[in-house]
Amino acid sequence: MQPSSVLEVGCGTGVVLRRMKDVLPETVRLAGADVSECLLEKAREKDPSIEWKKVEAERLSFANASFDIVVMHTLLSHVDDPVALLAEAKRVLVPGGTIVVFDADHAGTTYGLADAGERRRIDHLLSSAIAVQADVCSQLPRYAAQAGLSIQSHSAEVISECGRGDYWLSSVKAFLAMFPKVPILSEEDAAYCGNEMLRSHEEGTFFASGTFYTYFLQ
């Protein structure tokens with residue numbers, strides 16, 4: 001059944017909504033909400049026909065039962081209170097509507113450093129630096145229940161590389177640029193981690209794996 005209205009929470013510059021616009025009928029109401037006015041301005045420039053609205057964290061300024069579908073794309077891992085945001089999404093959802101949550105299991109992502117102890121330690125530091133809720137995917141069943149929601153179905157996709165990091169190398173390079181600005185990592189840890197990942201990529205011994213989950217809640 002086609003939805004008549006879709007809200008994306010944490011829409012950023014509107015990449016997901018613009019893609020949805022390409023595949024949904026023109027009659028579907030599309031709305032995007034974000035805490036960043038700067039990102040919303042860019043979204044409006046790219047497509048002024050979509051409804052863009054600035055909101056406060058974990059508070060959605062929409063009426064009750066306004067949308068058939070609420071989408072959260074790589075959002076819940078970056079908010080302070082996932083339960084509160086899920087409850088707000090439920091409030092603006094029509095009865096029988098669906099909340100779609102897509103996110104990365106940051107807590108389970110590993111970059112396969114050679115030393116087992118250092119691998120576990122660095123993986124934890126990296127996930128803590130990247131996400132506020134690194135374990136949100138494994139905790140989502142609890143969060144959903146606390147928000148009065150139930151999981152209807154879910155799927156998982158693993159992205160892994162062995163030997164070379166052609167996909168993950170962009171993440172490695174981004175981490176290297178980010179390390180000096182992230183106080184959770186010491187300069188020594190940053191240098192060790194970055195050098196090990198780049199070296200393993202060049203030597204053909206690289207390994208990285210991460211799982212991405214999609215949940216359908218009602």
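The rules we used
- Residues numbered from 1 in each chain as written.
- Predicted model: local features only at pLDDT ≥ 70, side-chain atom pairs only at ≥ 80, totals over all residues.
- Heavy atoms only, no water.
- Salt bridge = Lys/Arg side-chain N within 4 Å of Asp/Glu carboxyl O.
- Helix = DSSP H or I, 4+ residues; strand = E, 2+ residues; numbered from the N terminus.
- Buried < 20%, exposed > 50% of the residue type's maximum accessible area, 1.4 Å probe, protein only.
- Pairing = 2+ DSSP bridges.
- Axes fitted to C-alpha atoms, helices over the stretch in contact; angles between N-to-C directions.
- Contact = heavy atoms within 4.5 Å.

A. Fine view of the pattern of salt bridges. Using the criterion set out here, one finds 11 salt bridges in the structure. One salt bridge in this structure joins R29 and E51, with 3.1 Å as the shortest N-O distance. Here the residue R29 occupies a position in strand 2 (residues 29-34), and E51 occupies one in strand 3 (residues 51-54), the gap between them amounting to 22 residues. Overall, the relative accessible area of 33% leaves R29 in the partly exposed class. With relative accessibility at 28%, the residue E51 sits in the partly exposed group. Its salt-bridge partner being E196, residue R199 comes within 2.7 Å of it at the nearest N-O pair. Here R199 pairs with E196, and both are found in helix 7 (residues 187-203), just three residues apart, close to one helical turn. A residue is classified by how much of its surface remains accessible, and E196, at 17% relative accessible area, is buried.

B. Molecular detail of the sheet that holds strand 3. Overall, mixed pairing links the seven strands, which are arranged 3-2-1-4-5-7-6 in an open sheet. One side of each edge strand has no neighbouring strand; the edge strands of this open sheet are strand 3 and strand 6 (151-163). Direction aside, neighbouring strands of the sheet carry axes that sit 15° apart on average. Of the pairings in the sheet, the one linking strand 2 to strand 3 comprises four bridges and is parallel in character. Within the sheet, the bridge partner assigned to G32 lies in strand 3 and is W52. Packed onto the sheet, helix 2 (residues 37-46) meets strand 2 and strand 3 and runs at close to 170° relative to strand 3.

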